[in-house]
Amino acid sequence: MRKINKDYKSKRAFTLLEMVIVIGIIVILATVLIYNINDIINAADAADQGVADASNQLGQAIDDSERQLSQYHF
């Protein structure tokens, strides 16, 4: 009876190899996630710059239109 209980208790815990494998998988997944997050942040920054440029162009076009309309006393 003691041998059965001893075998049962030893199989409840993870082995060191299993823990190392799990930690390795987590590290690989975290590396992929960080790489993808950096790509997403870079794409968002580029899109933000594009929106800022378009906004500046639109503001300039509005200013030009207002300048032309001011000649007609609008």
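Residues numbered from 1 in each chain as written. Predicted model: local features only at pLDDT ≥ 70, side-chain atom pairs only at ≥ 80, totals over all residues. Heavy atoms only, no water.

**Comments concerning the overall build of the chain**
Part 1: What the chain contains, in helices and strands, is 2 helices and 0 strands.
Part 2: Across the 74 residues of the chain, 0% fall into the buried class.
Part 3: For the chain, the exposed surface amounts to about 7200 Å²; the carbon and sulfur share of it is 65%. (Helix = DSSP H or I, 4+ residues; strand = E, 2+ residues; numbered from the N terminus. Buried < 20%, exposed > 50% of the residue type's maximum accessible area, 1.4 Å probe, protein only. Areas by Shrake-Rupley, 256 points an atom, 1.4 Å probe, with all protein chains shown as cover.)

**Observations regarding a nonpolar patch on the surface**
Part 1: Together, Phe14, Met19, Ile23 and Val27 give the surface a local cluster of nonpolar side chains, amounting to about 420 Å² of exposed area.
Part 2: Within the fold, Phe14 resides in the loop between helix H1 (2-10) and helix H2 (16-70).
Part 3: A relative accessible area of 66% places Phe14 in the exposed class. (Patch = residues over 30% accessible without salt bridge, like charges linked within 9 Å, V, L, I, M, F, W, Y side chains within 5 Å. Salt bridge = Lys/Arg side-chain N within 4 Å of Asp/Glu carboxyl O.)

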